[in-house]
Amino acid sequence: MQEAKPLIAHYGLKKVSGYHLNVFRKDEITLVVTGMGVFEAASAIGLLGQKNMLVCNVGVAGHRNLRVGEMIVAHKIQFHKLVAFPKLLFDLPCETKDVESVLWPQTNYETDSVYDMEAFGVYRSAMGFSFSEQISLCKVISDNAETPFTKDRRKEVSGLIEKNLSKIDLVVQGLMSLPQIDVDVDISWYTNKMHFTETQKEMLKKCFRQAQALGVSPYCSGKSAKEVLAFFSNLLGEQKLCL
Amino acid sequence: MIIYVEKGIKNHHRTKKLLSRFSDARVVSIQKYTEVFNRKDQNFRLQKQKPALILAEKKGVFVHKTPDLYSIGRKNNFYFSHILNCPFDCDYCFLQGMYRSAFYVLFVNYEDFAEEVLKIPCEKNTMSVFTGYDGDSLALNAWTHFWDFLYPLAEKTPSIEYELRTKSVAIRSFLHQRPLENMIIAYSLNPEIITKKIEKKTPPLSSRLRAIQELQRKGFSIGLRFDPIIDCQEFSRIYEQFFTQVFETIDCAKVHSVTLGPFRVPKSMQKNLEKLRPLDPLLASNQSSESLDFCEKILYNHFPKDRIFLCYEPSCSQGPLPVLDLP
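Residues numbered from 1 in each chain as written. Chains lettered and ligands numbered in written order. Predicted model: local features only at pLDDT ≥ 70, side-chain atom pairs only at ≥ 80, totals over all residues. Heavy atoms only, no water.

S.K.: Could you clarify how one ought to interpret the overall build of chain B in this entry?
M.R.: Across its full length, chain B holds 12 helices and 15 strands. For a compact globule of 327 residues, the expected C-alpha radius of gyration is about 20 Å, and chain B comes in at 20 Å, within 12% of that figure. The proportion of buried residues among the 327 residues of chain B is 61%. Split by element, the accessible area of chain B, about 14100 Å² in all, is 50% carbon and sulfur. (Helix = DSSP H or I, 4+ residues; strand = E, 2+ residues; numbered from the N terminus. Rg over C-alpha atoms; globule rule 2.2 N^0.38 Å. Buried < 20%, exposed > 50% of the residue type's maximum accessible area, 1.4 Å probe, protein only. Areas by Shrake-Rupley, 256 points an atom, 1.4 Å probe, with all protein chains shown as cover.)

Take a look at the structure:
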């Protein structure tokens, strides 16, 4: 919850009831407090999953010598022998690093990786809904070999996140700048008037998109699904590309 | 820029040279390029926004037979791909249906490709090798220095014909070299209005024609690739003007070969393409066979028959693309 506080304030989020986890929302931004741990993080993402959602995981992590308060974005994540590479398609405001998700807090920082406890869970769960390019993992260093993390330092977490809000926001904006890839079409004009089987609905959607792409009207006076689809077949089959 | 580097080739001279060129790149070490490239959880269109570069070592099969009808006159046709994907963004490109990733993969072990090419048992002067099948041969030459590799190979093996297929006009770096008859620089061409709308991020037609002029003047072998032809409204007017512009600019007599092909997408890739580009007018439009007949006639008026190669069966040239199958 310490990590979430500055984000809730920054984005003006309001608590949403009806979830067993803490969920906050305003407009298109939803924040879920996952709790600590790879599996907890994974199930929290599953709770909110939507097709092609943009996911930004914000949390604290440790590294052997990175400065406390420094933010990094993961270019590689690892959990035991599992490895994944989140794609970074926009300009980043900070360095990128390998992030290793672990089940228990690390204090010996064996490798040059950043150690956290959620990133891999968030990523793998989000992959059920989104493409790799739509997921970013931001980690703010809370501890290193010189400054280990202790219970007394928990209060500092909000401050560490707060200091990086502008960078986190750039990552969020970067994700939001990605082109929309799912084009849904509204076929209710037809389906409200006549019956279409599920297969016919899919075909109608495809026709709608094609008509839209070619700049021709997708509406006709057909009285049955068959008639409507036949109309499209004639209409679209002859359309030349307009330059 | 992000550059993924396979651990096994981090000390390869081409890797080092490339990394020194991009000293501010974020370098990520990987075991195998397939960890990053072409995974099922990726989106080609999203990656096209900002493609990363992957440096890898090619293993397994290096050289492939070309599909039928992919020929410029010789009996034995092969291709190899030192690079996958390209910086251009053509709406018709089959690579977006084939790969899930738009990242560039550069296989740095060029010499292994050469070794395999030389092992192919073919009679003298019967073999063509194509290099621009899975990516533009020269578009990223400033990074890849592929020309510098291929040139001595072509010089050493004059009985093998090598085709570099490209839309790139960055020719200055090799213009000073002695032209080799068996090294064909093949330009893909389409009318300017189509180039602007469909061949995004590519050099305009006028620049490509200037590059061809310059290369012809220096004596390089040039191929013309009218492939794919894009059927559209006012097709005859647009393509007639286009061919006039091309033939007024270049020296037809010195053209090595001309190919003509329709816009075609293998069935297996059509669905992927439609998913990726649901609102693409090209995919939604009707591409008829008459357009090819029209171009064929014009080409036969300008080139001898033995220099024209059709990338389709003339008798059953492409019909309209399927738009809808009624239940």
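S.K.: Quick question: what am I supposed to make of the interface of chain B and chain A here?
M.R.: Bring the parts together and some accessible area is lost; that lost area is often taken as the interface size. Facing 40 residues of chain B, the contacting portion of chain A comprises 44 residues. Between chain B and chain A, roughly 3800 Å² of surface is buried when both sides are summed, and carbon and sulfur atoms account for 65% of that area. Where chain B packs against chain A, one counts three salt bridges. Linking Lys206 of chain A and Glu274 of chain B is a salt bridge whose minimum nitrogen-to-oxygen distance equals 3.4 Å. Scanning the region where chain B abuts chain A turns up 12 residue pairs in polar contact (both at pLDDT 80 or more). At the level of secondary structure, the elements contributing two or more residues to the side of chain B that touches chain A comprise strand S1 (2-6), strand S2 (26-30), helix H2 (44-47), helix H7 (192-198) and helix H11 (281-284) of chain B. Tallied by class, residues from the side of chain B that touches chain A come to 22 nonpolar, nine polar and nine charged. (Contact = heavy atoms within 4.5 Å. Buried area = accessible area lost by both parts, 1.4 Å probe. Salt bridge = Lys/Arg side-chain N within 4 Å of Asp/Glu carboxyl O. Polar contact = N/O pair within 3.5 Å; in protein donor to acceptor, adjacent residues only side chain to side chain. Nonpolar A, V, L, I, M, F, W, Y, C, P; charged D, E, K, R; others polar.)

S.K.: Whenever I open this one, the side chain of Lys167 of chain B confuses me. Can you help?
M.R.: Residue and element names in this part refer to chain B. By secondary structure assignment, the location of Lys167 is in the loop between strand S10 (160-166) and strand S11 (183-188). No salt bridge forms around the buried Lys167; measuring N to O, its nearest opposite-charge neighbour Glu199 is 4.6 Å away. Within polar-contact distance, the side chain of Lys167 engages the side chain of Tyr92 at 3.2 Å. Those residues within four positions of Lys167 in sequence are excluded, and the remaining contacts are Phe88, Cys90, Tyr92, Asp136, Tyr187, Ser188, Glu199, Thr202, Pro203 and Arg208. (Lys, Arg positive; Asp, Glu negative; His and termini not counted.)

S.K.: Would you mind showing me how to read the pattern of salt bridges here?
M.R.: Side chains that carry opposite charge are capable of pairing whenever their charged atoms lie near each other. Applying the stated criterion across every chain, the model contains 22 salt bridges over all chains. Among the salt bridges present, the one from Lys240 of chain A reaches Asp231 of chain B, with a minimum N-O distance of 2.4 Å. Here Lys240 of chain A, found in the segment after helix H8 (225-237), pairs with Asp231 of chain B, found in the loop between strand S13 (221-229) and helix H9 (235-249), and the two come from separate chains. Looking at Asp231 of chain B, the relative accessible area reads 3%, which means it is buried.

S.K.: Looking at this structure, I do not really get the packing of helix H1 (residues 4-11) of chain A against helix H4 (residues 156-163) of chain A. What am I missing?
M.R.: For any two helices packed against each other, one specifies the inter-axial angle together with the distance between the axes. Residues and elements named next belong to chain A. Viewed as axis vectors pointing N to C, H1 and H4 meet at an angle of 45 degrees, and their least axial separation amounts to 7 Å. One element, H1, and the other, H4, form an angle in the oblique class. Together, Lys5, Pro6 and Leu7 of H1 and Ser158, Ile161 and Glu162 of H4 make up the contact between the two elements. A per-class count over the contact of H1 with H4 returns three nonpolar, one polar and two charged. (Axes fitted to C-alpha atoms, helices over the stretch in contact; angles between N-to-C directions. Parallel < 35°, antiparallel > 145°, perpendicular 65-115°, else oblique.)

S.K.: When you look at the state of the cysteines in this model, what are you seeing that I'm missing?
M.R.: The bond known as a disulfide is covalent and runs between the sulfur atoms of two cysteines. Across all of its chains, the model carries zero disulfides over all chains by this definition. Cys207 of chain A takes part in no disulfide bond, and the closest cysteine sulfur, belonging to Cys220 of chain A, lies 10 Å away. In this structure Cys207 of chain A comes out as buried when scored by relative accessible area, which is 1%. Cys232 of chain B takes part in no disulfide bond, and the closest cysteine sulfur to it belongs to Cys242 of chain A, at a distance of 9.1 Å. (Disulfide = S-S within 2.5 Å.)

S.K.: In this structure, what is going on with H4 of chain A? I would like to understand it.
M.R.: Since the α-helix advances by 3.6 residues per turn, residues separated by three or four positions end up pointing in the same direction. All names here are of chain A. Those residues of H4 that fall on the buried side of the exposure criterion are Val157, Ser158, Leu160 and Ile161. Within H4, the buried residues cover an arc of 160 degrees as seen down the axis, which keeps them to one side. Among the exposed residues of H4, those oriented more than 90 degrees off its buried face are Glu162 and Lys163. Residues of H4 that are buried in the fold lie against H1, strand S4 (55-62), strand S9 (135-143) and helix H5 (165-176). (Arc of directions from axis to C-beta.)

Note that all results are geometric; they support no functional claim without further evidence.
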